[in-house]
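# Observations on chain architecture
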Amino acid sequence: MFPTTLEPRAPIAVACSVPIRLHPWIVGDMLIWDNAAAYLSKSFVEPQLHIYAPLANLLSRLICQASVRLLGGVQCIPVYTGAQLLKTYPQSLDCLERGTSLLIFPEDPTLPRDEQCQMSPFRPGSAHLGELYLESTGNCLQFVPAALHTIRPLVRLGESV
């Protein structure tokens, strides 16, 4: 798992920074043409770039021309909210059973950050994946914690647990 603030470019930055093949979990809307521009505008273009409608909508649609293709090309796994999250697990388990690794940002960006560690509480979905993997294979899933430093372009990997 990779604890960091989730932002649209973070999965690509980490996947390009580590020497193993990773399948990032990514917000499902980022892989759907009809939803990606609205999601990008709301989560990246407006809050990060401080560009607002109508220019934000145009810029988001332009970014989507590359991002949807890129994210699909690196075989990101779509993560949905609520009951649709169940669609994420079979694809994730398939990757893990084939011996490939996942890149998961478990923090919930809607919750406040802890002042001491500068992280938000984790969502339970990635931990549930460990339970499903044990049921499916009889083996414990290894998690490698990592931190993506936002001040310096640096990814730190921790010990496997």
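Residues numbered from 1 in each chain as written. Predicted model: local features only at pLDDT ≥ 70, side-chain atom pairs only at ≥ 80, totals over all residues. Heavy atoms only, no water.

## Concerning the side chain of E107
Inspection of the secondary structure puts E107 in the loop between β3 (101-103) and α5 (125-137). From its side chain, E107 meets the backbone nitrogen of S120 in a polar contact 2.5 Å long. (Helix = DSSP H or I, 4+ residues; strand = E, 2+ residues; numbered from the N terminus. Polar contact = N/O pair within 3.5 Å; in protein donor to acceptor, adjacent residues only side chain to side chain.)

## Let's talk about the packing of helix α2 (residues 33-49) against helix α3 (residues 55-73)
Contact geometry of α2 with α3 gives a least axis separation of 8 Å together with a crossing angle of 120°. Taken together, the axis directions place α2 and α3 in an arrangement best described as oblique. Relative to α3, α2 is oriented so that their crossing is right-handed. Contact residues: W33, A36, A37, L40, S41, F44, V45, E46 and L49 in α2; A56, N57, L59, S60, R61, I63, C64, Q65, S67, V68 and R69 in α3. Its residues assigned to classes, the contact of α2 with α3 shows 12 nonpolar, five polar and three charged. (Axes fitted to C-alpha atoms, helices over the stretch in contact; angles between N-to-C directions. Parallel < 35°, antiparallel > 145°, perpendicular 65-115°, else oblique. Left-handed = near helix turned anticlockwise from the far one by under 90°. Contact = heavy atoms within 4.5 Å. Nonpolar A, V, L, I, M, F, W, Y, C, P; charged D, E, K, R; others polar.)

## Brief notes about the packing of aromatic side chains
Applying the stated criterion to the full structure yields one aromatic pair. Above the ring of Y80, the side-chain terminus of K87 is found at 5.6 Å from the ring centroid. (Phe/Tyr/Trp six-rings, centres within 6.5 Å; stacked < 30°, edge-to-face > 60°. Lys NZ or Arg CZ within 6 Å of the ring centre and 35° of its normal.)

## Quick notes on a nonpolar patch on the surface
A grouping of L55, L58 and L62 is seen on the molecular surface, where their side chains present a nonpolar patch of about 290 Å² in accessible area. Looking at the secondary structure, you find L55 in helix α3. (Patch = residues over 30% accessible without salt bridge, like charges linked within 9 Å, V, L, I, M, F, W, Y side chains within 5 Å. Areas by Shrake-Rupley, 256 points an atom, 1.4 Å probe, with all protein chains shown as cover. Salt bridge = Lys/Arg side-chain N within 4 Å of Asp/Glu carboxyl O.)

## With respect to α5
When the terminal C-alpha atoms of α5 are compared, their 18 Å separation across 13 residues agrees well with the 18 Å that a helix rising 1.5 Å per residue should span. When we look at burial in α5, the residues that qualify are G125, S126, L129, G130, L132 and Y133. Against β1 (22-27), α4 (88-97) and β3 lie the buried residues of α5. One or two residues past the end of α5 sits G138, with phi positive at roughly 80°. (Expected span 1.5 Å × (residues − 1). Buried < 20%, exposed > 50% of the residue type's maximum accessible area, 1.4 Å probe, protein only.)

## Brief notes about the confidence of the model for the protein
Counting all residues, the mean pLDDT for the protein is 85, and 90% of those residues have values of 70 or more. Across the protein, element-level confidence peaks in α4 with a mean pLDDT of 94 and bottoms out in helix α1 (residues 10-17) with 68. Confidence drops under pLDDT 50 across residues 1-8; counting only partners more than four residues distant or on other chains, this segment forms 33 contacts. (pLDDT = per-residue confidence, 0-100.)

## Considering the nonpolar core
Ranked by internal contacts, the top residues of the largest apolar core, which has 15 residues, are W25, Y89, L96, L102, L129 and L141. Every element with two or more residues in this core is listed here: β2 (77-79), α4 and α5. Here the element with the most residues in this core is α4; it accounts for four residues. Contacts of W25, omitting those with residues within four sequence positions, involve I77, V79, T88, Y89, S92, L102, L103, I104, G125, S126 and L129. Core analysis: the second largest hydrophobic core is formed by 13 residues, A36, A37, L40 and C76 among them. (Core = buried A, V, L, I, M, F, W, Y, C linked by side-chain atoms within 4.5 Å.)

## Considerations on the pattern of salt bridges
For the structure on display, the rule yields two salt bridges. Between R123 and D108 there is a salt bridge, and its shortest N-O distance comes to 3.6 Å. One end of the pair, R123, is in the loop between β3 and α5; the other, D108, is in the loop between β3 and α5, and 15 residues separate them in sequence. When its relative accessible area of 38% is taken as the criterion, R123 is described as partly exposed. Among the residues examined, D108 registers a relative accessible area of 15% and is labelled buried.

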